[in-house]
Structures are given as C-alpha cells and as structure tokens.
Amino acid sequence: MTDRDVFEYALLRVVPRVERGECFNAGVVVYCRARSYVAARTHLDEAKLAALDPGADVTGVRAALHAVEGVCTGGEAAGQASRDDAGRRFRWLIAPRSTVVQPGPVHTGLTADPEAEVERLLDLLVR
C-alpha cells in the first residue's frame, strides 16, 4: 500500500457580477502540508463567462486566474508572497474575498500524489 498524505483543496470560482452571485468553477488549488506542496490549475470556460456576463473582461479574469497559479509557483511570480511557505500561500489564496475570482470552501482528502490530484480535481470539478 502506498503512503498517502492529507491534502486540502478549494475550487476557484468566477463570479462575473458579484451582486448577482452567479458563479462557475474555473480552477482548483491543492495544498499538502506533509510534502510542502501547493499548486493551482485553471481552465476558463469563456462561453460560461459570456452567458453570465456578455460584457465580462475575459483578459482580466484570465489574468486573475494566472495570478493564483503564480502565487502557488512561488518565486517572482508570487509577488509579495514569494518568501512565504506553501501553507501561508495556500491560506492567503483561500481567504474570502469579494472579487471576480473567489475561492470556494476548503475540502480535504488523502493522496499519494498531490500533483496528480490537482489534475484529477480539475478534470472532475472544472472541465
């Protein structure tokens, strides 16, 4: 049996018009403390975005999603979070906010491969 570690994840939701509260999933953030691992994968469905808000700023939404990926990657792409450990970056990303890209609630699970888990969750819950 392969050793499995606890991981946490949150979906990234696009809320084009915050006042209406309509949203759709556009990414996932995964954190595994035991492996000091944090990563995000995103997929923007432009047709869903246009259906909820025909005038939405697609470039801006895409940039916000890529910024989340950058914070997870660390280094210069993480901006001010570049010196934070994986756990602090994850906690910052999942903090509630009232913007077009919002994190959903945090869920947990067990995994032997956090990197594969990111892709599995993206396929299962976003694409």
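In case you missed it, the structure is sitting above this.
Cut-offs and rules
- Residues numbered from 1 in each chain as written.
- Predicted model: local features only at pLDDT ≥ 70, side-chain atom pairs only at ≥ 80, totals over all residues.
- Heavy atoms only, no water.
- Phe/Tyr/Trp six-rings, centres within 6.5 Å; stacked < 30°, edge-to-face > 60°.
- Buried < 20%, exposed > 50% of the residue type's maximum accessible area, 1.4 Å probe, protein only.
- Helix = DSSP H or I, 4+ residues; strand = E, 2+ residues; numbered from the N terminus.
- Lys NZ or Arg CZ within 6 Å of the ring centre and 35° of its normal.
- Polar contact = N/O pair within 3.5 Å; in protein donor to acceptor, adjacent residues only side chain to side chain.

**Some remarks on the packing of aromatic side chains**
Thought 1: One pass over the structure, following the stated rule, counts two aromatic pairs.
Thought 2: Aromatic side chains Phe-7 and Tyr-9 sit 5.9 Å apart centroid to centroid with 25° between the ring planes, which places their arrangement in the stacked category. Just as Phe-7 is buried, Tyr-9 falls in that class too.
Thought 3: Ring centres of Tyr-31 and Phe-90 lie 5.3 Å apart, and the angle between their planes is 20°; this geometry places the pair in the stacked category. Taken together, the residues Tyr-31 in strand 2 (residues 24-32) and Phe-90 in helix 3 (residues 86-94) connect sequence positions 59 residues apart.
Thought 4: Here Tyr-31 falls in the buried class, since its relative accessible area comes to 9%.
Thought 5: When the ring centre of Trp-92 is taken as origin, the NZ or CZ atom of Arg-97, which lies over that ring, is 5.1 Å away.

**A closer look at the environment of Arg-20**
Thought 1: One can find Arg-20 in the loop between strand 1 (5-14) and strand 2.
Thought 2: Each C-alpha atom of the pair Arg-20 and Ala-116 lies 34 Å from the other, and the pair is 96 residues apart in sequence.
Thought 3: One polar contact links Arg-20 to Glu-22, side chain to side chain, over a distance of 3.0 Å.

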